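Okay, here's what each chain looks like letter by letter:
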Amino acid sequence: MKYVLSKYALLLGFFVFSLPVLAQMSVSGTVVSEDGMPLPGVNIFEKNTPDNGAVTDFDGNFTLEVENPDGELVFSSIGFITKTISIPRDGQMTVTLMNNMQELSEVVVVGYGEVRRKDLTGSVSTIDVGEIEDIPANSIERVLQGRVAGLQVATPSQDPGAGATIRIRGGSSLRGSNAPLIVVDGFPLGDAGNLKQINPSDIQSVDVLKDASASAIYGSRGANGVIIITTKMAKEGKTQVRIQQQSTVSAFTSKVDLWRDPLLMAQLNNESRRNGGFEPLYIGAENSTGVYYPSIWELQSGEWPHFTEWDDIVFRDNPMSNNTTISVNSGTEKTSFNLSANYYTDMGVYIDDDYSKYGYNLRVKHDLLDNLSIRVSNILSKGMREYNGGLAYWRNPIFPVYNSQGEYNLIGTNDYSHPLAISENRLDETEMLDLITSAALEWRIIAPLKLTSRLNYKHGKSINDQYFPDVYTETGDFNDGAGWIRNWEDHNYVSETFANYNDWFGKHNLGITAGFTYENYSSRSSNLGAFDFVNETLGNENMEAGNPELNQVQNGRVETELVSGIFRINYGYDDRYLATFTARADGSSKFGQNNKWAYFPSGALSWKVHEEEFMADFDELDQFKLRASYGISGNQGISPYQTLSRYGVSNYYNNGSWVTAVGPGYIVGRAGQGGIEALWGGIPNPDLKWETTSQWNLGADLSFFEERLNLTFDYYQKHTSDLLRERILPLSSGYDRLWVNDGEIKNRGFELSLDAGLIQSDNLTLNTTLIFSRNQNEVVSLGNTAESGLTIDPNTGMQFEYWGNSIEQFRQYPNLLAVGQPINIFYGYKTDGIIQNLQEGIEAGLDGSLAQPGEFKYVDINGDGIINTEDRTIIGDPNPDFHASLGFDLNYANFDFNLFLNGAFGQDVLNTQAFNQPSNQPLRWTPDNPTNAYPSLRDGRLTNLSDWWLEDGSFVRVQNVTVGYTFNLSTQNTSSARVYINGNNLYTFTDFSGYDPEVGGDGIYWGGYPRLRQLTLGLDLTF
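Definitions and cut-offs
Residues numbered from 1 in each chain as written. Predicted model: local features only at pLDDT ≥ 70, side-chain atom pairs only at ≥ 80, totals over all residues. Heavy atoms only, no water. Core = buried A, V, L, I, M, F, W, Y, C linked by side-chain atoms within 4.5 Å. Buried < 20%, exposed > 50% of the residue type's maximum accessible area, 1.4 Å probe, protein only. Helix = DSSP H or I, 4+ residues; strand = E, 2+ residues; numbered from the N terminus. Contact = heavy atoms within 4.5 Å. Polar contact = N/O pair within 3.5 Å; in protein donor to acceptor, adjacent residues only side chain to side chain. Patch = residues over 30% accessible without salt bridge, like charges linked within 9 Å, V, L, I, M, F, W, Y side chains within 5 Å. Areas by Shrake-Rupley, 256 points an atom, 1.4 Å probe, with all protein chains shown as cover. Salt bridge = Lys/Arg side-chain N within 4 Å of Asp/Glu carboxyl O. Pairing = 2+ DSSP bridges.

Novice: Could you give me a rundown of the nonpolar core, with the residues and numbers involved?
Specialist: Of all hydrophobic cores here, the largest spans 36 residues; its most connected members are Tyr-282, Tyr-293, Leu-299, Ile-398, Leu-846, Leu-910 and Trp-949. Secondary-structure elements contributing two or more residues to this core are helix H4 (262–275) and strand S47 (856–858). Of the residues forming this core, the biggest block, four residues, is contributed by H4. For Leu-846, the contacting residues outside a window of four places in its chain are Ile-835, Gly-841, Ala-851, Phe-856, Lys-857, Tyr-858 and Ile-867.

Novice: Which residues make up unusual backbone geometry, and what are the values?
Specialist: Residue Arg-169 is not a glycine yet carries a positive backbone phi of 60°. As for its placement among the helices and strands, Arg-169 is situated in the loop between strand S12 (165–168) and strand S13 (181–184). The phi dihedral of Asp-480 is positive, around 55°, even though this residue is not glycine. Relative to the elements of secondary structure, Asp-480 occurs in the loop between helix H8 (474–479) and strand S26 (482–505).

Novice: Help me get a handle on the side chain of Asp-415, residues and values and all.
Specialist: In this structure, Asp-415 sits in the loop between strand S23 (372–386) and helix H7 (419–425). Of the residues examined, Asp-415 reaches a relative accessible area of 7% and is grouped as buried. A polar contact of 3.2 Å, which involves the side chain of Asp-415, links it to the backbone nitrogen of Ser-417.

Novice: Lay out a nonpolar patch on the surface with the relevant residues and their values.
Specialist: A surface patch of nonpolar side chains, amounting to about 430 Å² of accessible area, comprises Tyr-518, Val-563, Trp-597 and Tyr-599. By the secondary structure assignment, Tyr-599 is in strand S30 (residues 597–608).

Novice: Tell me what's going on with the pairing of S23, and back it up with residues and numbers.
Specialist: Pairing of strand S22 (residues 354–369) with S23 involves 15 bridges; the strand directions are antiparallel. Paired with Asp-354 across the strands is Glu-386, a residue of S23. The hairpin turn running from S22 into S23, its antiparallel successor, is two residues long. Judged from the 15 bridges that link them, S23 and strand S24 (residues 427–446) form a sheet pairing that is antiparallel. By the bridge assignment for S24, Ser-377 is matched with Ser-438.

Below is the structure:
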């Protein structure tokens, strides 16, 4: 009996423990898209049992042992709507997932991969390409201004085909590159600034990687941030043809500030010369160069018949530009392609100053097997730049264009500024060719693992032709004709092989990227110059006509290599806690044997607070994510061979003949007024190494009211050490400069982006975007005072060195690099108005002509009773306090309206034309007009650089306005048509007295001409 009970007890125990196993069942099936295509890599897990999951294979098939046969399965994949389905009794399933276009748009491209925006751990911003595609531009960088917090874009040049100056979170280098890296379809092309090869109409998305965690995977190339551009690729479906046409007309935003009253001009000129102790010019006689200047009476009575408005001759009335793009795309189950062709022309505001380019972009993807595909892209751009800028629109208006014989009316024997004479006789043009091609092989080894191998190639080529005739041009006159032919070309090969692994293990998500890259860059240049032409008929097309003894032949070659290993791991737990670790090792041929390799790690953490249970009651909150990151990146943006002993060639004239010397050292720059002093370098430095930038970032992302209100905030600090710069050497060394790692720079700031859907209805939507960013930079160190040749301010003990270029009118370098101060601060005298009488001038510590009434009253900073160089101090800062932009996007039925405002605030601008313009010279000090705002007119005045020349450069610009209408056509051939009018740079609100306060990073305004207002008529047809 005991034996029988034991046997049944054992059987009962076996049955109880077998119940869970018996309850389990096997579920299998296939997951397809809405068009019936199998979907690999779909994540599947049993609801309420997230540790139990599977992933579909190449054919979309899966098998999963479920614990609860009456439960549900959850199917999710990037780009598709998540679906929850009850488990069928027979365990067989066919699941169709619908495309989630909103989620697809929320996929962000990062280095060597992509990630859902909600899973980002670093600071990454995406630009809505739809908001900028109506703006005419030769390159994408010019239209990014104000579109991303922390991305500063300056466009001081309005020349045809001109690029832009791009910075992300301020500059981190003094002599290395400060431009972010541009990556197009995975190809790291180089520094941002003039991406003329890429047609903006071909761009699908633009992602900006700002912090070290996001950009560190690009290692030594990511210290200044990364801009990733993805071009358009067709999806499966019918063939689509699109035609985009833009016609743009430009005009000045204000009248050119020139002398329109020749009588007043002559009177003030005579006054200025008399005050300076010179004979007046306008007295009805010839001057020392034999040029006749009419008297005041001749101008006043009208007896002098000539008056020329040179701006009407030099400038075009309404320069035009044209931008035409035709694209064709189509896709099948196996193959898809996108082909576009573009033709762009841009007429400069100067006569005969033009730019044109044409090219195409072809991208093809073909599936060789179910798990093996190939991608090929090819971009070709061919351009022509005809230079004719800088013509003398400020020329004296009392002189005619032609003399009585019908020839150019030249003012004296050394007149080299006649606009028409230069335009019609000088040659200066450049022909350019750019080719970018790429081939990639993608192999999905298993569902979670994909291997990518791609080869990229970029080729650039240019030929510059110049000829300066022996009349009308200074260079040609001094050389009896001068011609040049300059050739340049480069080749850039980049090979990349990397693997991406992404899989779910219950609540755990793991993503791994690993691989290596190799880059080889080479360039060659040649320069042929000929002078003293016997016959100028063919110009530089007949260089043999020059004197063979004066021929110049120069050539150069550069080659660099970069070898890198990349690694990134993304980990997520329960879709709430995210972590990223990135590392890259770079080996560069630019650096010495001791420091060829460097390692750049970064890490980031993110917490989706809104997924926590304690946030369940906050119904209005859609997302609340906190981010923190820290990382290190490098900068190798200097010329190669700085670690090696360099030889140079010097040509000099000695004892009646030219001598060529070859030896150690070469000219690395020039100093002094007009570059009279040659600076000698070439000493090797085998210990030269990378600049290193460490950066930490704290950020938060919030969304409210079903994502109708979105806010992103970031606070960051960047610290760059081992600055690549040139140290000043003692005279005993025989050299002037040596490349070293010395100095530190710090940038810190915060960024805020706010997107709000103010109105959301069937027929009316109104969205607004506010972007605010503030960056403060500081020079922390410039190295050892003695070794670096630093100067000490006598009043504060501040260590500094002069920076930039000297300005002739002040005989001084206006900018400094000073320890403890922002980059490029202004250094000069402070003023206290204008001297009203001689006694006031003497009491101010001035003497001689500087103490006279009508002169600047400089402040005696050190109180020694004398005004001299020891009274100079910091007088201004060209760095803006903050940038801000505001955009409105309104759609009503088929109408659309977009308004975009952009501004910079708090920067000082050095206005070199503050007292050189016809509009301000009549306001000068005189005994009858004892103003305290402007000095007297006086030729020969030795003007000191002072705060009187500084102005507030803050501005708000109505940067872009677009009004459009879309026709929803139902014809068989045309699916949609849109017409629009776009206005660019319509008006600028500013107190700055010059044409425009947007200048370069040094804050110096040189004058030029007014900024152009552009009006574009656009047509967009889709077939």
